[in-house]
Amino acid sequence: MPVIRNVNWGGLKTLYVKEVRRFFKVQLQTVWAPAITTLLYLVIFTVALGARHAVTVDGRDVPFADFIAPGLIVMGMITNAFANASFSLLVGKIQGTIVDYLMPPLSTAELLAAMVGGAVTRAFCVGGAVWLAMALWPGVNVTPVHPLAALWFGLLGSVFLALVGVLTSIWAEKFDHAAAVQNFVVAPLALLSGTFYSVDRLAPAFRAISHANPFFYIISGFRYGFLGIADSPVLLGSFVILAIDVALGLLCYALLQRGWKLKN
């Protein structure tokens, strides 16, 4: 009889491909629609404030379109990572097909890695589509200055929201619960994280609140990859998000291993 030793690479690949195919079959809705919506944000804000409006970051004036473009790209990435991960186990619980996730010979780590990997893949597909749309749009420069930094913070942010999505998928019992987390937690934190403004212009109290928002470090670090400047120390933001990712990963692992709200 075949014996699975160490990592079940075949099963891990199969579940990952299943997660990717699930959103790619409706790519018009899951990839291209978010890209167009994000581009509309850019168009509306630049038209409303004027193409010559500038934002001062770290003592340097940056055209407003160039300033908000990286934030919009990574915001589209992380929100779609959450949407993908929060759907995986939840739809199985609602449709009664959760056994398809629990019965295969996959370890808890392999199950978690496949779901997070699928969500991160969707995030980068959306990010690539948004970047391409903005690159073709006149009046905005989205050429990365530090591409590795942009990729690193894009990865950290996507994993962060993917793990939050997995936690939501474990906890939620209906689609309304997942929508509540999206509308009342993810969306406000993303919008109030310095996407459309520099936190240096805020009052000290609101600036302190912004620095307590993990989304702020994701967007600031990702913006550094495109502009070479940031609202906060890049290394600090990297360590903060990495630590949160590790903590969320351990929490997801523990809940999946226990089968909390999955095996009842």
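Residues numbered from 1 in each chain as written. Predicted model: local features only at pLDDT ≥ 70, side-chain atom pairs only at ≥ 80, totals over all residues. Heavy atoms only, no water.

**Q** How should the layout of surface pockets be read in this particular structure?
**A** With a probe scaled to a water molecule rolled over the atoms, the places where space remains empty come into view. Here the largest pocket defines a volume of roughly 430 Å³. In terms of lining, the largest pocket is formed by 16 residues, of which the most central are P34, G76, T79, N80 and Q182. Counting only elements with at least two residues in the lining of the largest pocket, the list comes to α2 (27-49), α3 (64-95) and α7 (175-191). Per element, the largest residue contribution to the lining of the largest pocket is six residues, and it comes from α2. Looking at side-chain class alone, the lining of the largest pocket contains seven nonpolar, eight polar and one charged residues. Size it by volume and the second largest pocket reaches roughly 190 Å³. Every residue along the wall of the second largest pocket is listed here: I73, M77, F124, G127, G128, W131, P144, P147, A150, L151, F222 and F226. Of all the secondary structure elements, the ones that give two or more residues to the lining of the second largest pocket are α3, α5 (108-136), α6 (147-171) and α9 (214-227). Broken down by element, the lining of the second largest pocket gets its largest block of residues, four residues, from α5. (1 Å grid on protein atoms, 1.4 Å probe; cavity = no way out; pocket = protein on both sides within 12 Å on 5 of 7 lines; lining within 4 Å. Points joined across faces, edges and corners; volume = space filled by probe spheres on them. Helix = DSSP H or I, 4+ residues; strand = E, 2+ residues; numbered from the N terminus. Nonpolar A, V, L, I, M, F, W, Y, C, P; charged D, E, K, R; others polar.)

**Q** I'm lost on the side chain of S169 in this one. Help?
**A** By secondary structure assignment, the location of S169 is in helix α6. A distance of 2.7 Å separates a polar atom in the side chain of S169 from the backbone nitrogen of L90. Those residues in contact with S169, other than ones at most four positions away along the chain, are A85, S86, F87, S88, L89, L90 and K93. (Polar contact = N/O pair within 3.5 Å; in protein donor to acceptor, adjacent residues only side chain to side chain. Contact = heavy atoms within 4.5 Å.)

**Q** Help me out: how do you make sense of the packing of aromatic side chains in this one?
**A** Centre-to-centre distance and the angle between the planes together describe a pair of aromatic rings. Overall, the coordinates contain seven aromatic pairs when judged by the stated rule. Ring centres of F87 and F175 lie 6.0 Å apart, and the angle between their planes is 15°; on these two criteria the pair is classed as stacked. One end of the pair, F87, is in helix α3; the other, F175, is in helix α7, and 88 residues separate them in sequence. Ring centres of F160 and F215 lie 5.8 Å apart, and the angle between their planes is 65°; this geometry places the pair in the edge-to-face category. Of this pair, F160 sits in helix α6 while F215 sits in helix α9, and the two are 55 residues apart along the sequence. The burial state of F160 is the same as that of F215; both residues are buried. Taking the ring centre of F67 as reference, the NZ or CZ of R223 above it sits at 3.8 Å. (Phe/Tyr/Trp six-rings, centres within 6.5 Å; stacked < 30°, edge-to-face > 60°. Buried < 20%, exposed > 50% of the residue type's maximum accessible area, 1.4 Å probe, protein only. Lys NZ or Arg CZ within 6 Å of the ring centre and 35° of its normal.)

**Q** Sorry, what's going on with the environment of T168 here?
**A** Among the secondary structure elements, T168 is positioned in helix α6. Judged by its relative accessible area of 5%, T168 is buried. Along the primary structure T168 and L89 are separated by 79 residues, whereas in three dimensions their C-alpha atoms are 9.2 Å apart. Residues in contact with T168, not counting those within four places in the same chain, are F82, S86, A178 and V181.

By themselves these figures say nothing about function.
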